[in-house]
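What the coordinates show
If you want the building blocks of each chain, they are given just below.
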Amino acid sequence: MYNPAFDPYNGIYRMLYIMKYLDMKEGMEVDRLRIFDYYLLFPYKIYKIHLKKTEGAFKDLRKKVKSTRNPYNVSPNDRRFFERLRPYQMIALSHIASYGIISTSLLLQQKVKVIDADKMQMVMAKLQVLPALERNVLAWLTYCFRDTPLKGEYGLKYRTELMEHKYDGC
């Protein structure tokens with residue numbers, strides 16, 4: 001059965017849209033892109049992201065993202081599935097780097113930075129529009145977690161529990 005998670009071309013499509021929403025003029029961590037990609041694949045799982053008690057506005061906005069669980073697209077163990085996605089996500093980023101849109105040298109350092117915005121716009125113009133649900137999920141993730149640290153107490157790794165976070169330095 002087809003699963004977009006394991007389709008490198010669908011991965012390229014998703015990564016390009018994530019980079020567009022994040023406005024990648026500065027470098028961004030590969031792990032942040034991978035986490036955002038996971039929630040594009042499984043939008044209903046954004047409700048599992050831990051929010052602080054003071055982030056009531058984020059909770060209210062999250063309620064507006066209507067997403068139901070697709071019985072044909074489930075992952076029983078989030079962390080294991082997330083790790084299983086890594087090679088496909090890295091292939092997608094490598095292809096985007098080979099097109100000259102992102103920096104290859106920074107990708108080797110686990111960072112992503114758009115180096116040719118015009119080329120990215122040209123490619124994006126040829127792609128189908130992202131469906132409304134995915135746009136809403138991506139807008140919510142970008143609004144809430146674009147500047148959230150990846151590591152540390154209440155970092156993105158801790159909030160999502162998709163990656164080991166206990167031994168990260170602050």
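Just so you know, the residues in each chain are numbered from 1, in the order the chain's sequence is written. Totals for whole chains, interfaces and linings use all residues, but because this is a predicted model, local features are given only for residues with pLDDT of at least 70 and pairs of side-chain atoms are given and counted only at 80 or more. Side-chain numbers here rest on the full set of heavy atoms in the structure, without hydrogens or water.

Things to note about the nonpolar core
- Counting residues in hydrophobic clusters, the biggest one holds 52 residues, and the most contacted among them are Met 19 and Ile 102.
- The way it works is that DSSP assigns letters per residue, a run of H or I at least four long becomes a helix, a run of E at least two long becomes a strand, and they are numbered from the N terminus. Of all elements in the fold, only helix 1 (8-22), helix 2 (30-41), helix 4 (78-98), helix 6 (117-126) and helix 7 (132-145) reach the threshold of two or more residues within this core.
- By definition in these notes, contact holds between two residues if any of their heavy atoms fall within 4.5 Å. The contact partners of Met 19, leaving out residues within four places of it in the chain, are Met 24, Leu 33, Ile 96, Ile 102, Val 112, Val 114 and Met 120. What makes a nonpolar core is a set of buried Ala, Val, Leu, Ile, Met, Phe, Trp, Tyr and Cys residues whose side-chain atoms join them at distances within 4.5 Å. For the exposure calls, accessible area comes from a 1.4 Å probe over protein chains only, and a residue counts as buried if that area is under 20% of its type's maximum, exposed if over 50%, partly exposed in between.

A few points about unusual backbone geometry
- A positive phi angle is found at Tyr 154, which is not glycine, with a value near 60°.
- Within the secondary structure, Tyr 154 sits in the loop between helix 7 and helix 8 (156-160).
- A residue is classified by how much of its surface remains accessible, and Tyr 154, at 25% relative accessible area, is partly exposed.
- The phi dihedral of Glu 161 falls on the positive side, at around 55°, and the residue is not glycine.
- Following the sequence through the fold, Glu 161 ends up in the segment after helix 8.
- Take Glu 161: its relative accessible area is 40%, and that puts it in the partly exposed class.

Some thoughts on the environment of Thr 160
- Position of Thr 160 among the secondary structure elements: in helix 8.
- The sequence separation of Thr 160 and Leu 93 amounts to 67 residues, and the corresponding C-alpha distance is 22 Å.
- Every residue in contact with Thr 160, bar those within four places of it in the chain, is listed here: Ile 35, Tyr 39 and Ile 49.

Notes on the packing of aromatic side chains
- Two aromatic rings, drawn from Phe, Tyr or Trp (for Trp, its six-membered ring), form a pair once their centres lie within 6.5 Å of each other, and the interplanar angle then sorts them: stacked below 30 degrees, edge-to-face above 60, tilted otherwise. Taken as a whole, this structure holds twelve aromatic pairs when the rule is applied.
- Residues Phe 6 and Tyr 88 carry aromatic rings whose centres are separated by 5.1 Å and whose planes lie at 65° to one another, so their mutual orientation is edge-to-face. You can see Phe 6 sitting in the segment before helix 1 and its partner Tyr 88 sitting in helix 4, a full 82 residues away along the chain.
- Taking the relative accessible area as the measure of exposure, Phe 6 reaches 21% and is therefore partly exposed.
- What makes Tyr 88 partly exposed here is its relative accessible area of 30%.
- Here the aromatic rings of Phe 42 and Phe 81 are separated by 5.3 Å at their centres, their planes lie at 80°, and the arrangement is edge-to-face. Within this pair, whereas Phe 42 is found in the loop between helix 2 and helix 3 (56-63), its partner Phe 81 is found in helix 4, the two being separated by 39 residues in sequence.

What about the pattern of salt bridges?
- A carboxyl oxygen of Asp or Glu within 4 Å of a side-chain nitrogen of Lys or Arg is what we treat as a salt bridge. What the rule picks out here adds up to ten salt bridges.
- Across the salt bridge formed by Glu 29 and Arg 32, the nearest N and O atoms sit 2.9 Å from each other.
- The class for Glu 29 is partly exposed, based on a relative accessible area of 23%.
- Overall, the relative accessible area of 3% leaves Arg 32 in the buried class.
- Taking the shortest distance from any N to any O, the salt bridge between Arg 34 and Glu 83 comes out at 3.9 Å. Taken together, the positions of Arg 34 in helix 2 and Glu 83 in helix 4 put the pair 49 residues apart, joining distant regions of the chain.
- Residue class for Glu 83 comes out partly exposed when judged on its relative accessible area of 36%.
- A single network of salt bridges, built from pairs that share partners, joins Asp 31, Arg 34, Glu 83 and Arg 86.

Things to note about helix 2
- Along its twelve residues, helix 2 runs 17 Å from first to last C-alpha, staying within 8% of the 16 Å computed at 1.5 Å per residue.
- Judged by how many residues are buried, helix 2 sits mostly within the fold: twelve of twelve residues are covered.
- Those residues of helix 2 that fall on the buried side of the exposure criterion are Val 30, Asp 31, Arg 32, Leu 33, Arg 34, Ile 35, Phe 36, Asp 37, Tyr 38, Tyr 39, Leu 40 and Leu 41. By this rule the span expected of a helix is its residue count minus one, scaled by 1.5 Å.

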